Amino acid sequence: MSRLFSPKLEYGKPQQIVLRYAEDVSRASHAVSATDINFTAMEKHTQMNTPKEKPQPTRSNQLGTFGGVFTPSILTILGVIMFMRTGFLTGQAGVMQLLIILVMAKSITSLTSLSISAVSTNTPVAGGGAYFLISRSLGPEFGATIGLALFVAQAISVPFYILGFTEALVRTFPSMMGNFQTVALILTVLLFVISYIGAKWAVKTQYLIMAILGLSVLALLGGAAMNFQTENFIQNFSAQHTDRTLSFWTVFAIFFPAVTGIMAGVNMSGDLKKPGRSIPRGTMAAVVVGFLIYASQILLIGGAQTRSQLLNNSFENFCNQALFGAGFLVVAGVFAATFSSALGSFLGAPRVLQAIARDKILRPLNFFARGSKQGDEPHRALLLTFIMTVAIIFWAGKDFQGGAFDLLAAVVAMFFLYTYGMINLAAFIESVANNPSFRPRFKYCHWSFALLGAVGCATTAFLINIVAAIVAAAVLAVLYVYLRRRVLKVRFGDARWGFFYSGLKQNILRLARMPITAKNWRPTVLVLVGSPEARRTIAMHALWIGQERGLVILARVIVGELAERAQLRQTAVDQLNDFLEENQFQALSTVVISPDLDEGLSVLLQGHPVGPLQPNIVMLGWSSDSQRFTSLVEHFHTIRLLGLNLVLVNDKGLPTNRLNRRIDIWWRGRENGFLMVLLAHLITLNYEWSDAKIRLLRLIENEQGRQPAAEALTELVNDARVNAEVQIIVSEDPFQGVVHRHSANASLVILGFNTPKEQAPRLFQDTFEAILDQLPTTLLVCSAGEADLLA
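Residues numbered from 1 in each chain as written. Predicted model: local features only at pLDDT ≥ 70, side-chain atom pairs only at ≥ 80, totals over all residues. Heavy atoms only, no water.

Caption draft 1: Main features of the overall build of the chain. Within the chain, the regular secondary structure consists of 27 helices and ten strands. The burial tally for the chain puts 56% of its 791 residues in the buried class. Total accessible area computed for the chain in this model is approximately 33,800 Å², and 58% of it derives from carbon and sulfur atoms. (Helix = DSSP H or I, 4+ residues; strand = E, 2+ residues; numbered from the N terminus. Buried < 20%, exposed > 50% of the residue type's maximum accessible area, 1.4 Å probe, protein only. Areas by Shrake-Rupley, 256 points an atom, 1.4 Å probe, with all protein chains shown as cover.)

Encoded structure:
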């Protein structure tokens, strides 16, 4: 155990206690004590679009502001740093600098308190505490990321606090040192049994712990006041860093965890009689009282002890100077602080995991969703926390290298600090999104406060431990990406929709005021599909053209009356959306009902969508049905009247080979040629076509024209900055035969056409049927002239 626990002080004196891990974990789990988490059953989610849940047992607790918010918050704020580190830090930084540090640290937690109050009073809060607030504001991916990290952090905090408590115990009673691990395991079992029986015991225990802490603080501050000397205060007023490794910011990093703990009341909201009233009042009261106590301690001990005493024996002097000689109360305060935190973490971690499991975000966690019949206690998650605790205690008992253990404690601290940052970010998103539903009863939070709090949390994380901050951020990033790629089915009415909506509205309005030029032309493709799986080839080519650099809209027209087909419309919308989601396609969808197909197409083209996102390319499937083709030609003219580009897809299936793909473009002039080449280039931007070769082919009748034609097309390709191979074919054979000889083995063929006259649809169809007969999937392009290849 020598590598884990500092042997600097002599055994045998109850007042000489070193709590290395209690101090380390106060930088971690003290930030969000597990007593923070709701102690009773989870309420049903009341958010819009939240998955249905089984009714949970009715909460029997009706706690007020003092018992439900102030007490758990102040218990986590007044921790071991107050007893074990404040004296030493006062000696190093001096009274003035430490007071400045206290104000800075309290500013961050105060801003976070404002964010907590705003978010928690805007919605009923169910089980899960911080996880619930974040997931309902930033979405399930962010919520689950922080929630899982929060569970792990709290679960790991349990053995850290137990190790700290046990060290204090064996240093007070040195005869127990040989049974260190046994004592830690016995304490673990005791905490597990209390937690297993139920949270009501913990709630009652809080009052006893608070009474002990209150007496301890009174003894400490009262004794310091009785021994206050102006000479000591003057000498200790300014900084005197005897340790060169300690600067203003390192002292700030050590002291900062002392002011945390404000999440406690929020996570008790389900047990509060009036959470909208109690959370703001109780949280802010705890912040103010905590500030007054710490400020009083810094001022009083600065005059009660010499600098040498502060730097070397401050805790022993706290005990010796205690009011009425009650030094044992100061020692009892240390025990109470570590014990309450360990118990709180044992209660809190399982409730976070249970809340995540009940949202069905990760299937392997569903096992932990079930609660006990009485009280809905998370026994399964509690058992997992117990196993993790025992494993870490055995790890410590194996005398592992301290470096990995210290890094683990530091990373845990970052998880808690990032949780605070996410709460601030949630309040910021809710505020700037301007959702009409964001109507918090707590009115004293502005988006600038929330943003400042989020930045403060992130900055503090890097000031405390830059390596741990980076490691923790990397872990959270990997977890977030994993959850995003799982295509979560869980959806909450979170604030992101409103946030993105506000940004989109402003950008669309700006875009609408800007002129559209060939330089910034982008494809907005409206592709008509019936069943998307049956028209998969058409849909895929539309996505290859517009998914990377433009916008694709899958559209369907249902012929009939709206009153009769309304339900069918929703089914069609769901079918299109499922197709996009299952294939992870980046596109939109729309369905219209119209008495006539032509009228429905006109409605789509003219009214969807609005502004600068109006479609500029319409993609249809080629029809070999002569009767159907006549009405199809009418669509051609409608599209051309609206000044839109038209692309017809002759579906011969998708390419089966990934390698050696080739796109053949048959050049017959710039009218359609510019758009044809541009579409081929857009297709090659996709991964599936990234290695494809583009051939630009031109048919001429005599050899004399070969060189001029080749030079012209080569110059065009160079000016257009497109990778394409120019090939001039000299032949007097019909175009149909030439195309078949040279492009039958291509992956995709692109041809140009002009819309036929309404009197000659059959001739047009027969001509192209003959050309398309032996070709692979072919795009027939009729340009409106707005796409400039040379722009």
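More follows now that the structure is in view.
Caption draft 2: Quick peek at helix α23 (residues 626-641). Look at α23: 23 Å from first C-alpha to last across 16 residues, which is about the 22 Å you get at 1.5 Å a residue. Here α23 has its buried residues at F629, L632, V633, H635, F636 and I639. Mapping the buried residues of α23 onto a view down its axis gives an arc of 160 degrees, with all of them on the same face. Residues of α23 that are exposed and point more than 90 degrees away from the buried face comprise Q627 and L641. In this fold, the buried residues of α23 make contact with α22 (597-607), β4 (617-621), β5 (645-650) and α27 (761-772). One or two residues past the end of α23 sits G643, with phi positive at roughly 70 degrees. (Expected span 1.5 Å × (residues − 1). Arc of directions from axis to C-beta. Contact = heavy atoms within 4.5 Å.)

Caption draft 3: Molecular detail of unusual backbone geometry. Unlike most non-glycine residues, F324 shows phi in positive territory, near 60 degrees. By relative accessible area, F324 is classed as exposed at 80%. One non-glycine residue, R721, lies in the positive phi region at around 60 degrees.

Caption draft 4: Highlighting the packing of aromatic side chains. One pass over the structure, following the stated rule, counts 29 aromatic pairs. A cation over a ring is seen here: R380 above F367, with NZ or CZ 4.2 Å from the ring centre. Between R661 and the ring centre of W689, over which it is positioned, the NZ or CZ distance is 4.8 Å. (Phe/Tyr/Trp six-rings, centres within 6.5 Å; stacked < 30°, edge-to-face > 60°. Lys NZ or Arg CZ within 6 Å of the ring centre and 35° of its normal.)

Caption draft 5: Structural context of the pairing of strand β3 (residues 588-594). Across the seven residues of β3, five count as buried, placing the element largely inside the fold. As paired elements, strand β2 (residues 551-559) and β3 share seven bridges and run parallel to each other. By the bridge assignment, A555 is partnered in β3 with T590. Crossover connection from β2 via helix α21 (residues 562-582) to parallel β3: handedness right-handed. (Pairing = 2+ DSSP bridges. Right-handed = clockwise from strand over helix to strand, strands pointing away.)

Caption draft 6: Quick look at the pattern of salt bridges. Inspection of every chain in the model, using the stated rule, returns nine salt bridges. Salt-bridge contacts for D664 lead to R662; the nearest nitrogen and oxygen are separated by 2.9 Å. Looking at D664, the relative accessible area reads 0%, which means it is buried. Exposure remark for R662: the relative accessible area of 14% places this residue in the buried category. Note that D664 is salt-bridged to R695, the shortest N-O span being 2.9 Å. With D664 in strand β6 (residues 662-666) and R695 in strand β7 (residues 693-700), this pair connects stretches of sequence that are 31 residues apart. There is no split in this pair, since D664 and R695 are both buried. (Salt bridge = Lys/Arg side-chain N within 4 Å of Asp/Glu carboxyl O.)

Caption draft 7: Broad picture of the nonpolar core. Counting 144 residues, the largest nonpolar core has F83, F255 and F315 as the members making the most contacts within it. The element that contributes the greatest number of residues to this core is helix α14 (residues 327-358), accounting for 18 residues. (Core = buried A, V, L, I, M, F, W, Y, C linked by side-chain atoms within 4.5 Å.)

Caption draft 8: Summary view of a nonpolar patch on the surface. Together, F462, I466, V467, I470, V471 and V475 make up a nonpolar patch on the protein surface, roughly 490 Å² of accessible area in all. Considering each element in turn, the nonpolar patch owes the most residues, five residues, to helix α18 (residues 466-485). Checked against the element boundaries, V475 lands in helix α18. We classify V475 as partly exposed; its relative accessible area is 41%. (Patch = residues over 30% accessible without salt bridge, like charges linked within 9 Å, V, L, I, M, F, W, Y side chains within 5 Å.)

Caption draft 9: Representation of the sheet that holds β2 within the structure. Spatial strand order, β3-β2-β1-β4-β5-β10-β9-β6-β7-β8: ten strands in an open sheet with mixed pairing. Two strands in the sheet have a free side with no partner beyond their single neighbour: β3 and β8 (725-730). Adjacent strand axes in the sheet meet at a mean angle of 25 degrees when their direction is disregarded. Pairing analysis gives five bridges linking β6 to β7, with the strands arranged parallel. (Axes fitted to C-alpha atoms, helices over the stretch in contact; angles between N-to-C directions.)

Caption draft 10: Summary view of the pairing of strand β1 (residues 524-528). The buried count for β1 comes to five of five residues, which makes it a mostly enclosed element. Residues T524, L526 and L528 line one face of β1 and the alternating positions V525 and V527 line the opposite face, and both faces are buried. Inspection of the sheet shows β1 paired to β2 by five bridges, in the parallel sense. Across the sheet, V525 pairs through a bridge with V552, a residue of β2. Handedness of the crossover is the feature at issue here: the chain leaves β1, passes through helix α20 (residues 536-546), returns alongside β2, and the resulting connection is right-handed. One ladder, built from three bridges, connects β1 with β4; its direction is parallel.

Caption draft 11: Inspection of the packing of helix α2 (residues 65-77) against helix α12 (residues 275-304) at higher detail. The geometry of α2 relative to α12 is characterised by a closest axis approach of 8 Å and an angle of 35 degrees between their N-to-C directions. Once α2 is placed against α12, the crossing between them reads as right-handed. Every residue of α12 that contacts α2 at T65, V69, F70, S73, I74 and I77 is listed here: S278, I279, R281, G282, T283, A285, A286, V289, G290 and Y294. Classifying every residue of the contact of α2 with α12 gives nine nonpolar, six polar and one charged. (Left-handed = near helix turned anticlockwise from the far one by under 90°. Nonpolar A, V, L, I, M, F, W, Y, C, P; charged D, E, K, R; others polar.)

Caption draft 12: Up close: helix α6 (residues 140-172). Over its 33 residues, α6 extends 47 Å from the first C-alpha to the last, a length consistent with the 48 Å expected when each residue adds 1.5 Å. In terms of burial, α6 is a largely internal element, 31 of the 33 residues being buried.

Caption draft 13: Representation of the environment of I74 in the model. Secondary-structure assignment places I74 in helix α2. Taking the C-alpha atoms as reference points, I74 and G282, separated by 208 residues in sequence, lie 9.5 Å from one another. Once residues lying within four places of it in the same chain are set aside, the contact partners of I74 are M210, A286, V289 and G290.

Caption draft 14: Seen up close, a positive patch on the surface. Taken together, the side chains of K273, K274, R277 and R281 present a region of like positive charge at the surface. The topology assignment puts R277 in helix α12. (Lys, Arg positive; Asp, Glu negative; His and termini not counted. Charge placed at Lys NZ, Arg CZ, Asp CG, Glu CD.)

Caption draft 15: Structural context of the environment of P350. Positionally, P350 belongs in helix α14. A sequence separation of 222 residues divides P350 from G128, and the C-alpha atoms of the two residues are 9.2 Å apart.

Caption draft 16: Expanded view of the side chain of S743. Position of S743 relative to the elements: it lies in helix α26 (residues 735-743). In this structure, S743 is in contact with R662, D664, W666, R695, V749, L775 and P776, ignoring residues within four places of it in sequence.

Caption draft 17: Structural context of the confidence of the model for the chain. Per-residue confidence for the chain averages 82 on the pLDDT scale, and 87% of its residues sit at or above 70. With pLDDT under 50 throughout, residues 1-60 is counted as low confidence; its partners more than four residues away or in other chains account for 216 contacts. (pLDDT = per-residue confidence, 0-100.)

Caption draft 18: Quick look at the packing of helix α13 (residues 307-320) against α14. Close contact between α13 and α14 brings their axes to 6 Å; oriented N to C, the two are set at 130 degrees. Looking at the two axes, α13 sits oblique to α14. Between α13, through F315, F318 and C319, and α14, the contact on the second element is made entirely by G327, V330, V331 and V334. Considering only residue class, the contact of α13 with α14 consists of six nonpolar, one polar and no charged. (Parallel < 35°, antiparallel > 145°, perpendicular 65-115°, else oblique.)

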